[in-house]
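# Topology and contacts: notes
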Amino acid sequence: MKKLLPTSIVGSLPKPAWLAPPEKLWSPWKLDGDQLLEGKQDALRISLQEQQLAGVDIISDGEQTRQHFVTTFIEHLSGVDFENRKIVKIRDRYDASVPIVVGEVTRQKAVFVEDAKFLREQTDKPIKWALPGPMTMVDTLYDAHYKSREKLAWEFAKVLNEEARELQDAGVDIIQFDEPAFNVFFDEVNDWGMAALERAIEGLHCETAVHVCYGYGIKANNDWKKTLGSAWRQYEEIFPKIQTSTIDIVSLECHNSNVPLNLIELVRGKKVMVGAIDVASNTIETPEEVADTLRKTLEFVDIKDLYPSTNCGMAPLSRNVARGKLSALSAGAEIIRKEFAI
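Note that the coordinates shown come from a computational prediction; the quantities given were computed from them, not determined experimentally.

Cut-offs applied
Residues numbered from 1 in each chain as written. Predicted model: local features only at pLDDT ≥ 70, side-chain atom pairs only at ≥ 80, totals over all residues. Heavy atoms only, no water. Helix = DSSP H or I, 4+ residues; strand = E, 2+ residues; numbered from the N terminus. Rg over C-alpha atoms; globule rule 2.2 N^0.38 Å. Buried < 20%, exposed > 50% of the residue type's maximum accessible area, 1.4 Å probe, protein only. Contact = heavy atoms within 4.5 Å. Lys, Arg positive; Asp, Glu negative; His and termini not counted. Charge placed at Lys NZ, Arg CZ, Asp CG, Glu CD. 1 Å grid on protein atoms, 1.4 Å probe; cavity = no way out; pocket = protein on both sides within 12 Å on 5 of 7 lines; lining within 4 Å. Points joined across faces, edges and corners; volume = space filled by probe spheres on them. Nonpolar A, V, L, I, M, F, W, Y, C, P; charged D, E, K, R; others polar. Core = buried A, V, L, I, M, F, W, Y, C linked by side-chain atoms within 4.5 Å. Expected span 1.5 Å × (residues − 1).

## Some details on the overall build of the protein chain
Per the secondary structure count, the protein chain includes 10 helices and 10 strands. Against the compact-globule benchmark of 20 Å for 342 residues, the protein chain has a radius of gyration of 19 Å, which places it among compact chains. Across its three principal axes, the protein chain shows a C-alpha extent of roughly 55 × 45 × 40 Å. Counting only residues that meet the buried cut, the protein chain has 59% of its 342 residues in that class. By sequence separation, contacts in the protein chain at least 24 residues apart represent 76% of the contacts at least 6 residues apart. Between the averaged position of the 41 positive side-chain charges in the protein chain and that of its 52 negative side-chain charges there is a distance of 2 Å.

Next comes the structure, spelled out in C-alpha cells:
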C-alpha cells in the first residue's frame, strides 16, 4: 500500500432499510429473485459511495450481498443441512440454531467472486474482501459427519483457498479472514487453527489478513467482555503463532477495549489493522479520539505498517452512526499524517 495510514473498515456496514430490516444480524432479505440481485448491487454501490465520501482508502463491500459473515459462505457448500438444525454454543458464549454438517464439504461454484468483480468495476481504489476463517466456520455449525473440529477445519481451509484464489484473480487486493474464534480457543489455534488458516491462503500473492476481535456490538459479546477484567490478554496467547505465520496483516480491537497495547509488540514486523472505532457504541468518536488511539499504538508498530480501521463490523448500527464513524476514522488518520508530515 503506497499511502501511509490507509484506512479501512473490518467487515460489515448497515444495509439500507429497503433491502433488509436495519440494525440486526441475520436480517432477512425484503426482496427476492432478480430484484434481490439488483438490490444487492445497488446497496453495494451505496456502500462504496459512503466509504469514498468518508475518505476511506481501502474499499470493502460492507457485506451488502450477504446476510452473515460466516453462514452465507457455508450456505453455498455441499454437505451442510440448513433445514434440520441444532442448538450449539457459539464461541462458548451464546446459544444459536445452526446448520448440520451431514456429508463431505465441497464447493460446487464460486460464492462471492461475481460480487467482487462488480465491486472491482466500480472503483480504482484497493479493495479488500472478507471471508470467514476455518476455525470460526467450524464453531458456527454442528458437525455430524467428520466428528472432529480439526478435520472439518482442514476441509473448510481447502474450499476457502479455492474461493480466495478466484477472488484474487477477480482483482481483490487484500483477502481478510475473520477468526473471532481465535480469541477463545487458544490451544486449538496453536495446535491446528493457524495451520488451517495458512492452508486457506496457500498460493496467494495478494495481501492476506486475519481479523481477531471481541465480536459485534451485540448483548452476548458485550456481556462477555464484562467478565474479562481490567486487562484483556487473549491476544497474548495467539499472537506469537500469528507472528511466525505467512499472514501479512493482523487486525485487532483497540479503541474502548481493555487490550494492553504493548501486546501489539508480539506481532512486530506484521502490518497491523488497529481498531480505532468502537462498534459496540452509538457514540461517534471525534477525530482526535481516533488519532489518540493511533498515536498510542505507534510505540509498538512502525508507522508504515499501521492501518487504521474499525474494531469489527457495523451491521447492527444505524447508517447515520456508521457514516459518522467512517468520517471520524479518516479524519483521525489525517491528524497523524500531518503530525508526522507525511
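After presenting the structure, the write-up continues.
## A look at empty space enclosed by the protein
Counted by the stated rule, this structure contains five cavities of 30 Å³ or more. Approximately 230 Å³ is the volume found for the largest cavity. Together, 23 residues line the largest cavity, and Phe 69, Pro 180, Gly 215, Tyr 216 and Cys 312 are the ones closest to its centre. Lining the second largest cavity, in full, are Leu 13, Pro 14, Lys 15, Pro 21, Pro 22, Glu 23, Lys 24, Trp 26, Ser 27, Gln 67 and Ala 315. Its residues assigned to classes, the lining of the second largest cavity comprises six nonpolar, two polar and three charged.

## Some details on the nonpolar core
Judged by nonpolar contacts, the single largest core of 100 residues is most densely connected at Leu 131, Phe 182 and Ile 242. The biggest single contributor to this core is helix H5 (residues 149–169), with eight residues.

## A look at helix H1 (residues 33–54)
Relative to the 32 Å expected for 22 residues at 1.5 Å per residue, H1 spans 32 Å between its end C-alpha atoms, a close match to the ideal helical length. Taken as a whole, H1 has its buried residues at Leu 36, Gly 39, Lys 40, Ala 43, Leu 44, Ser 47, Leu 48, Glu 50, Gln 51 and Ala 54. Where H1 is buried, its residues touch strand S1 (59–60), helix H3 (113–122) and helix H10 (319–339). One or two steps after H1, the chain reaches Gly 55, where phi turns positive at roughly 85 degrees.

## Details of the side chain of Asn 161
Counting through the fold element by element, Asn 161 comes out in helix H5. Using a relative accessible area of 4% as the deciding quantity, one classes Asn 161 as buried. Those residues in contact with Asn 161 that sit more than four places away from it in its chain are Arg 199, Ala 200, Ile 201 and Glu 202.

## Concerning the environment of Ser 230
Relative to the helices and strands, Ser 230 resides in the loop between helix H7 (219–225) and helix H8 (234–243). Measuring from C-alpha to C-alpha, the distance between Ser 230 and Ser 257 comes to 9.3 Å, with 27 residues separating the pair along the chain.

## Concerning unusual backbone geometry
Here the phi dihedral of Trp 26 falls at roughly 50 degrees; this positive angle occurs in a residue that is not glycine. Backbone geometry at Lys 147 places phi at a positive 55 degrees, although glycine is not the residue there. Mapped onto the fold, Lys 147 is located in the loop between strand S5 (142–143) and H5. Given a relative accessible area of 68%, Lys 147 falls into the exposed group.

## With respect to the layout of surface pockets
If a probe the size of a water molecule is rolled over the atoms, the empty space left behind becomes visible. The computed volume of the largest pocket comes to approximately 260 Å³. Around the largest pocket, the lining is made up of 16 residues, and of these Lys 40, Thr 65, His 76, Val 111 and Asp 115 lie nearest the centre. At the level of secondary structure, the elements contributing two or more residues to the lining of the largest pocket comprise H1, helix H2 (71–75) and H3. In terms of residues, the lining of the largest pocket owes the most to one element, H3, which gives three residues. In this structure, the second largest pocket encloses a volume near 200 Å³. Together, 14 residues line the second largest pocket, and Trp 26, Thr 71, Arg 85, Ser 97 and Val 98 are the ones closest to its centre. Among the secondary structure elements, those contributing two or more residues to the lining of the second largest pocket are H2, strand S2 (77–90) and strand S3 (94–107). Broken down by element, the residue count for the lining of the second largest pocket peaks at five residues, all from S3. Within the lining of the second largest pocket, the residues separate by chemical class into five nonpolar, six polar and three charged.

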